[in-house]
Amino acid sequence: MTDNNQNNSFNQQNENNPYANQQFYQPPQAPAEEKASVGLAILSFIIPVAGLIIFLVKKKERPKTAKVSGICALVSFILSLGFYIISAVAGGTLFADAVDESLEQDSYSYSESEEENTQNDSLQASEGNALGDYGCKVKSASLTTDWEGKDAVIITYEFTNNSSEPMSFDVALEANAYQDGVGLETAITDDDADYFDVEIKPGVTKDVKKVYVLRDTTTPVEVEVSELFSLSDDKVVTTVELQ
């Protein structure tokens, strides 16, 4: 009897309570985002503006994607800015180097022109000059003919051997002659006393003769003498008038 009375009492309480049999449901929630979108992240890195838009639009709906997109856009922007700054600095450096090189070339050309003018002013006078361990100057010039009867010029050089061992003119020095800037060939004559290929002792000065075939007997001959084996550009340059 006691159990029946308790059940009746519980039923009466439920009948008197209108919410006793009512079922309560939680409102539906958006499914949690498991991971960020790789595609949107790549797009944000390629186009930073798109990444910014995705961050602002998706930060509530898809926070992970929004966060990753925003980070990719920021990293891309910083890298682009750094690349632009480096490119600008490198471009400025290259431009400055190009300007400096151009100014140096202009200065060198001007100095070379001055040197050439000074040299041209003194071409008419034969003058000695040191060429390494040797000394040489054009001493005289005279017209002759070679063994074939062609017009030729005999150039007499004053050669000094300042080295420590015997040396001949043709081994120590190279002597070339030009008319109108065109080289003259060497000629063969009956004169054997030219000492051209004869060794000269150290400290001795000797006249050495060399013969060149002329193109004509009126055009001046320009003679250039330099060391045969040397890295130096030093030369003795003399203009010889044939008349």
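It should be emphasised that the depicted structure is a prediction, and the values quoted were computed from it without experimental measurement.

### Observations regarding the side chain of Thr160
Logical step 1: Following the sequence through the fold, Thr160 ends up in strand S3 (residues 151-161).
Logical step 2: Within the local environment of Thr160, its side chain forms a polar contact with the side chain of Thr205, the two groups lying 2.8 Å apart.
Logical step 3: When sequence neighbours within four positions are dropped, the list of residues in contact with Thr160 reads Asp133, Tyr134, Gly135, Val204 and Thr205.

### What to know about the layout of surface pockets
Logical step 1: There is about 160 Å³ of room inside the second largest pocket.
Logical step 2: Along the walls of the second largest pocket sit 11 residues, with Ala187, Asp194, Lys209, Lys210 and Val211 positioned nearest its centre.
Logical step 3: The element contributing the most residues to the lining of the second largest pocket is strand S6 (residues 205-213), with 3 residues.
Logical step 4: Counted by class, the lining of the second largest pocket contains 5 nonpolar, 2 polar and 4 charged residues.

### A few points about empty space enclosed by the protein
Logical step 1: Tallied over the full model, the rule gives 1 cavity of 30 Å³ or more.
Logical step 2: What the largest cavity holds in volume is close to 30 Å³.
Logical step 3: Every residue along the wall of the largest cavity is listed here: Leu131, Glu227, Ser230, Ser232 and Asp234.

### Observations concerning the pattern of salt bridges
Logical step 1: Within this structure, the stated rule accounts for 4 salt bridges.
Logical step 2: Residues Lys139 and Asp207 are paired through a salt bridge, measuring 2.9 Å at the closest nitrogen-oxygen approach. Separated by 68 residues along the polypeptide, Lys139 in strand S2 (residues 134-145) and Asp207 in strand S6 bring together distant segments of the chain.
Logical step 3: Judged by its relative accessible area of 44%, Lys139 falls in the partly exposed class.
Logical step 4: Ionic pairing is found between Lys235 and Glu224, a salt bridge with its closest N-O pair at 3.4 Å. Placement of Lys235 in the loop between strand S7 (221-227) and strand S8 (236-240) and of Glu224 in strand S7 is noted, with a sequence separation of 11 residues between them.
Logical step 5: Residue classification places Lys235 among the partly exposed residues on the basis of a relative accessible area of 44%.

### Details of the sheet that holds S3
Logical step 1: Spatially, S1-S2-S3-S6 is the arrangement adopted by the 4 strands of the open sheet, whose pairing is antiparallel. Edge positions in the sheet fall to strand S1 (129-131) and S6, since each has one partner strand and no second. On average, each strand axis in the sheet is tilted by 40° relative to the strand beside it, whichever way the strands run.
Logical step 2: The sheet contact formed by S3 and S6 spans 9 bridges and is antiparallel. Paired with Phe159 across the strands is Lys206, a residue of S6.

### A closer look at the sheet that holds strand S4 (residues 173-179)
Logical step 1: Spatially, the 4 strands line up as an open sheet ordered S5-S4-S7-S8, and their pairing is antiparallel. The open sheet is flanked by strand S5 (182-183) and S8, the only strands paired with a single partner.
Logical step 2: The pairing of S4 with S5 spans 2 bridges and is antiparallel. Pairing of Gln179 across the sheet is with Val182, part of S5.

### Some thoughts on the packing of aromatic side chains
The description of two aromatic rings rests on the distance between their centres and on the angle between their planes.
Logical step 1: All chains considered together, the criterion is met by 3 aromatic pairs.
Logical step 2: For the pair Phe159 and Phe169, a centre-to-centre distance of 5.4 Å together with 90° between the ring planes defines the contact as edge-to-face. In this pair, Phe159 sits in strand S3 while Phe169 sits in helix H5 (residues 169-172), placing the two residues 10 residues apart along the sequence.
Logical step 3: According to the relative accessible area criterion, Phe169 is buried, its value standing at 1%.

What counts as what
In this convention, every chain numbers its residues from 1, walking through the sequence in written order. Whole-chain, interface and lining totals are the exception, using all residues; otherwise, since this is a predicted model, local features are given only for residues with pLDDT of at least 70 and side-chain atom pairs are given and counted only at 80 or more. The side-chain quantities take in all heavy atoms of the structure and omit both hydrogens and water. Runs of H or I in DSSP of at least four residues are treated as helices and runs of E of at least two as strands, each being numbered from the N terminus. Whenever two N or O atoms come within 3.5 Å, that pair is a polar contact, provided that in protein one can donate a hydrogen and the other can accept it, and provided that, for residues adjacent in sequence, both atoms are side-chain atoms. Should any heavy atoms of two residues lie within 4.5 Å, those residues are counted as being in contact. Buried and open spaces are told apart on a 1 Å grid over the protein atoms alone, a cavity being a set of points where a 1.4 Å probe fits but cannot get out and a pocket being an open set with protein on both sides within 12 Å along at least five of seven lines. Residues with an atom within 4 Å of a point are the lining residues. Grid points are joined across faces, edges and corners, and a volume is the space filled by probe spheres set on the points. Polar here means any residue other than Ala, Val, Leu, Ile, Met, Phe, Trp, Tyr, Cys and Pro, which are nonpolar, and Asp, Glu, Lys and Arg, which are charged; Gly is therefore polar. When a carboxyl oxygen of Asp or Glu is within 4 Å of a side-chain nitrogen of Lys or Arg, the pair counts as a salt bridge. The cut-offs for exposure are 20% and 50% of the maximum accessible area for each residue type, with area from a 1.4 Å probe on protein chains only; residues under the lower value are buried, those over the upper are exposed, and the others partly exposed. Criterion used throughout: strands pair if DSSP finds at least two bridges between them. Where helices are involved, their axes are fitted lines through C-alpha atoms of the stretch in contact, as for all axes, and angles between N-to-C directions lie from 0 to 180°. In this analysis, rings of Phe, Tyr and Trp, with Trp reduced to its six-membered ring, are considered paired at centre separations within 6.5 Å, and the interplanar angle assigns stacked below 30 degrees, edge-to-face beyond 60, and tilted for intermediate values.

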